[in-house]
Amino acid sequence: MPHVTISHFPKDLDEAGRERLVTRLTEAVRDAFEVEEDVVSIALRPVAPEAWDEEVYRPEIVARPELLVKQPAY
């Protein structure tokens with residue numbers, strides 16, 4: 001605990017980009033939840049643009065607004 005899943009359009013991150021993302025997210029999660037680094041897990045979930053509405057937008061954004069802490073502007 002805690003676990004973060006990032007759903008995103010497919011994008012290949014190079015090793016340096018992935019490491020920056022992991023480092024920054026881990027730091028933010030550690031600060032927010034006051035936990036140690038080794039309990040944070042992060043998953044990257046690529047979603048094809050044509051599947052975004054069905055797999056992410058409707059089930060995770062529209063259907064669960066009470067869980068959102070930042071609304072998208074689309």
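You'll find the structure just up there.
Residues numbered from 1 in each chain as written. Predicted model: local features only at pLDDT ≥ 70, side-chain atom pairs only at ≥ 80, totals over all residues. Heavy atoms only, no water.

Asks: Give me the lowdown on the overall build of the protein chain, citing residues and values where you can.
Replies: Across its full length, the protein chain holds two helices and two strands. Starting at the N terminus and walking to the C terminus, you meet the elements of the protein chain as β-α-β-α. Counting every position in the protein chain, which comprises 74 residues, the buried fraction comes to 18%. A separation of at least 24 residues holds for 61% of the contacts in the protein chain among residues at least 6 apart in sequence. When the accessible area of the protein chain is evaluated, it comes to approximately 5,900 Å², of which 53% is carbon and sulfur surface. The protein chain carries 9 positive and 16 negative side-chain charges, and their two centres are separated by 4 Å. (Helix = DSSP H or I, 4+ residues; strand = E, 2+ residues; numbered from the N terminus. Buried < 20%, exposed > 50% of the residue type's maximum accessible area, 1.4 Å probe, protein only. Contact = heavy atoms within 4.5 Å. Areas by Shrake-Rupley, 256 points an atom, 1.4 Å probe, with all protein chains shown as cover. Lys, Arg positive; Asp, Glu negative; His and termini not counted. Charge placed at Lys NZ, Arg CZ, Asp CG, Glu CD.)

Asks: Can you lay out the packing of aromatic side chains for me, pointing to particular residues and giving the numbers?
Replies: What the rule picks out here adds up to two aromatic pairs. Ring geometry for phenylalanine 9 versus tryptophan 52: centroids 5.4 Å apart, planes at 90 degrees, classification edge-to-face. Taken as a pair, phenylalanine 9 in the loop between β1 (3-8) and α1 (15-33) and tryptophan 52 in helix α2 (residues 52-62) lie far apart in primary sequence, 43 residues in all. For phenylalanine 9, a relative accessible area of 45% translates into the label partly exposed. Taking the centre distance of 5.4 Å and the plane angle of 45 degrees together, the rings of tyrosine 57 and tyrosine 74 count as tilted. In this pair, tyrosine 57 sits in helix α2 while tyrosine 74 sits in the segment after α2, placing the two residues 17 residues apart along the sequence. You can call tyrosine 74 exposed: its relative accessible area is 58%. (Phe/Tyr/Trp six-rings, centres within 6.5 Å; stacked < 30°, edge-to-face > 60°.)

Asks: So what about the nonpolar core? Which residues, and what values?
Replies: Formed by Val47, Ala51, Trp52, Val56 and Ile61, the largest nonpolar core amounts to five residues. Not counting chain neighbours up to four residues away, the residues in contact with valine 56 comprise Ser7, Arg45, Val47, Ala51 and Ile61. (Core = buried A, V, L, I, M, F, W, Y, C linked by side-chain atoms within 4.5 Å.)

Asks: Explain the layout of surface pockets to me, using residue names and the numbers behind them.
Replies: Quantified by volume, the largest pocket comes out at close to 730 Å³. If you trace the largest pocket, you find 17 residues lining it, with Thr5, Ile6, Leu68, Val69 and Lys70 closest to the centre. Counting residues per element, the ones that place at least two in the lining of the largest pocket are β1 and α2. (1 Å grid on protein atoms, 1.4 Å probe; cavity = no way out; pocket = protein on both sides within 12 Å on 5 of 7 lines; lining within 4 Å. Points joined across faces, edges and corners; volume = space filled by probe spheres on them.)

Asks: Provide a residue-level description of the pattern of salt bridges, including the pertinent values.
Replies: Applying the stated criterion across every chain, the model contains three salt bridges. Between glutamate 55 and arginine 45 there is a salt bridge whose closest N-O contact spans 3.3 Å. Of this pair, glutamate 55 sits in helix α2 while arginine 45 sits in strand β2 (residues 41-46), and the two are ten residues apart along the sequence. Between aspartate 53 and arginine 58 there is a salt bridge whose closest N-O contact spans 2.7 Å. With a relative accessible area of 36%, aspartate 53 lands in the partly exposed category. The exposure class of arginine 58 is partly exposed, given its relative accessible area of 45%. (Salt bridge = Lys/Arg side-chain N within 4 Å of Asp/Glu carboxyl O.)

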